[in-house]
Amino acid sequence: MRDFIGQRRLLARLSERALRGDVAHAYELSGPRSIGKRTVAIRLAQTLLCTSEPHPAGGCGTCLACRKIDHQTHPDVRMVGRLVDLEKENDRKQIAIEQIREMQQDLALRPLEGRWRVVVIDDAADLSEHAEVALLKTLEEPPPHAVLLLLTTTPAALLETIRSRLVPLSLRLVSTTEIAEGLADRFGADAPRHAAAAAGRPGLAIALASDEGARKSRRAAEAEFYRLVSSGLTERFAWAADVAESDRDPQKRNEAIETRLAEWCELARDAAVAPHQVGRALRPERVSESDRLAKAVSQRELVDFALALERWRRDMVESNVNARMLLELLVLKLPYAATLREAA
Ligand SMILES: [Zn+2]
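Residues numbered from 1 in each chain as written. Predicted model: local features only at pLDDT ≥ 70, side-chain atom pairs only at ≥ 80, totals over all residues. Heavy atoms only, no water.

1. A few points about the domain arrangement of the chain
Where interface size is quoted, it is often the accessible area lost as the parts come together. Note the following rule: For the domain bounds, the source is a domain assignment made automatically or taken from a database. By definition, residues are in contact when any of their heavy atoms lie within 4.5 Å. Take the accessible area each of two parts loses on contact, using a 1.4 Å probe, and add the two losses: that sum is the buried area.
Per the domain assignment, the segments of the chain are domain 1 (8-170), domain 2 (175-210) and domain 3 (213-343). When each unit is reduced to the centre of its C-alpha atoms, the spacing between domain 2 and domain 3 is 24 Å. Listed as interface residues are 12 residues of domain 2 and, on the opposing side, eight residues of domain 3. For the pairing of domain 2 and domain 3, the buried interface totals around 720 Å² over both sides, and the portion due to carbon and sulfur atoms is 49%.

2. Some words on the side chain of Arg 260
Here is the rule we go by: In this description a helix means any DSSP run of H or I spanning at least four residues, a strand means any run of E spanning at least two, and both kinds are numbered starting from the N terminus. Classification of residues uses two cut-offs on accessible area relative to the type maximum, computed with a 1.4 Å probe and protein chains only: under 20% is buried, over 50% is exposed, and between them is partly exposed.
Positionally, Arg 260 belongs in helix H12 (residues 250-273). Judged by relative accessible area, which is 19%, Arg 260 ranks as buried. Beyond its immediate stretch of four places on either side in the chain, Arg 260 contacts Glu 224, Trp 239 and Val 243.

3. Quick word on a nonpolar patch on the surface
This is how it is decided: Two distance rules govern patches: like charges are joined within 9 Å, and nonpolar side chains (Val, Leu, Ile, Met, Phe, Trp, Tyr) within 5 Å, applied only to residues with over 30% relative accessible area and no salt bridge. What sets the accessible areas is the Shrake-Rupley method with a 1.4 Å probe; for residues, cover comes only from the shown protein chains. Salt bridge criterion: a side-chain nitrogen from Lys or Arg within 4 Å of a carboxyl oxygen from Asp or Glu.
Residues Leu 233, Met 325, Leu 329 and Leu 332 make up a contiguous nonpolar surface patch of roughly 370 Å² in combined accessible area. When residues in the nonpolar patch are grouped by element, the largest group, three residues, is from helix H15 (residues 323-333). Summarising the element assignment, Met 325 is placed in helix H15. By relative accessible area, which is 42% here, Met 325 ends up partly exposed.

4. Description of the coordination of the zinc ion
Basically, it comes down to this: Atoms of type N, O and S within 2.8 Å of a metal are treated as its donors, and for Na, K and Ca the window is 3.2 Å; water is not considered, so some sites may appear to be missing partners. Irregular is the default label, applied whenever a site is not tetrahedral (four donors, all angles between 85 and 135 degrees) and neither square planar nor octahedral (four or six donors, opposite donors over 155 degrees apart, all other angles between 65 and 115).
Taken together, the protein ligands of the zinc ion are Cys 50 (SG), Cys 60 (SG), Cys 63 (SG) and Cys 66 (SG), with distances of 2.3 to 2.4 Å. One way to put it: the four donor atoms around the zinc ion meet at angles of 105 to 117°, and that makes the site tetrahedral. Sequence spacing of the donor residues for the zinc ion, all on one chain, is C-x9-C-x2-C-x2-C. With Cys 50 in the loop between helix H2 (37-49) and helix H3 (64-70) and Cys 63 in the loop between H2 and H3, this residue pair connects regions lying 13 residues apart in the sequence. Assigned by exposure class, Cys 50 and Cys 63 land together as buried.

5. A short note on the pairing of strand E4 (residues 146-152)
Stated formally: Strand pairing is assigned whenever DSSP identifies at least 2 bridges connecting the two strands.
Among the seven residues that make up E4, seven are buried, leaving the element largely enclosed by the rest of the structure. The alternating pattern of E4 places Ala 146, Leu 148, Leu 150 and Thr 152 and Val 147, Leu 149 and Leu 151 on opposite faces, both of which are buried. Bridge count between strand E1 (residues 26-30) and E4: five bridges; the pairing is parallel. Counted as the bridge partner of Ala 26 is Leu 148 from E4.

6. Quick notes on a positive patch on the surface
Note the threshold: Neither His nor the chain ends is counted toward charge; the positive residues are Lys and Arg and the negative residues Asp and Glu. Note on charges: their place is set at NZ of Lys, CZ of Arg, CG of Asp or CD of Glu.
A contiguous patch of positive charge on the surface is contributed by Arg 9, Arg 13, Arg 17 and Arg 20. Mapped onto the elements of the fold, Arg 13 is located in helix H1 (residues 8-19). Overall, Arg 13 belongs to the partly exposed group, its relative accessible area being 45%.

7. Notes on the side chain of Lys 37
Formally: Here a polar contact is taken to be a pair of N or O atoms separated by no more than 3.5 Å, where protein atoms must pair a possible hydrogen donor with a possible acceptor and residues adjacent in sequence count only if both atoms sit in side chains.
Checked against the element boundaries, Lys 37 lands in helix H2. Here Lys 37 sits buried without a salt bridge, and the closest side chain of opposite charge, Asp 123, lies 6.2 Å off (N-O distance). A polar contact is formed between the side chain of Lys 37 and the backbone oxygen of Pro 32, at a distance of 2.8 Å. Here Lys 37 is in contact with Leu 29, Ser 30, Gly 31, Pro 32, Leu 151, Thr 152, Thr 153 and Leu 171, once residues within four sequence places are set aside.

Shown next, in the form of structure tokens:
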């Protein structure tokens, strides 16, 4: 199989079955962000629509069909995701029923170029209630040429009636060694460092290795965390107010908050386990800060805080939680350690 970091076994199994004609009409691909859900979906579409003979598992990557799929111009492959229209006041936070209806009209027709029509819904947890109900009809009676791939970080957010019609595929974290090997050709000596920093998520490793912006925003989130940890309440509340009002698109603001919660959870977790030297650090480049935080704050407080961050992150994704309120609770629960000031 051509280049692909992680999820190789899953994709190989899926592709080999598909090549024998054993394809389900609908799959659920779940797992954390940046773990490879979208890549698996695209490779499965390429497996089904590749025109090279004999059909290679995962697609050849070079024929016209494979290239069109890579460029999202293949007429038989449709990506459905949340639309954010900033021009309209009521920006769409969710995948709307109209999007599902449009997809269904298309899906009912015979494929134009291959034997299949593939629909990728990413993230399926963004489907509005009406959209979910509409989609259910397709899942109950899919056209013979239909393959639907529902991608999500939060499978529990989907209707049970939908989930019961999907073949579940859960994607697992990838070993650091495998990620480092995958990056080695392109990024040479820096590969192991970026692989370690990604803690099991190949997409994150590639972003960190190839995108200075991704590295910068990661460092900024770390510095922001240490600055807040070493600040008093006045400064913390001012920060909460700033972030709550930071973006005119609430969805974007919520994503920025969610990213911080995920990143900070890793920093809190590293500090909580630091005294025990168990498990690898999720942020190896911040080991000294984790040690200092662990010395200043009780382990219990750190564990509670890490768990709260994870819970809030899920609330952010799954429900319409009030951002300002959440941020205020967060700064109240955030541990205090004056010694982290210089890390900020
Ligand atoms: Zn091909």
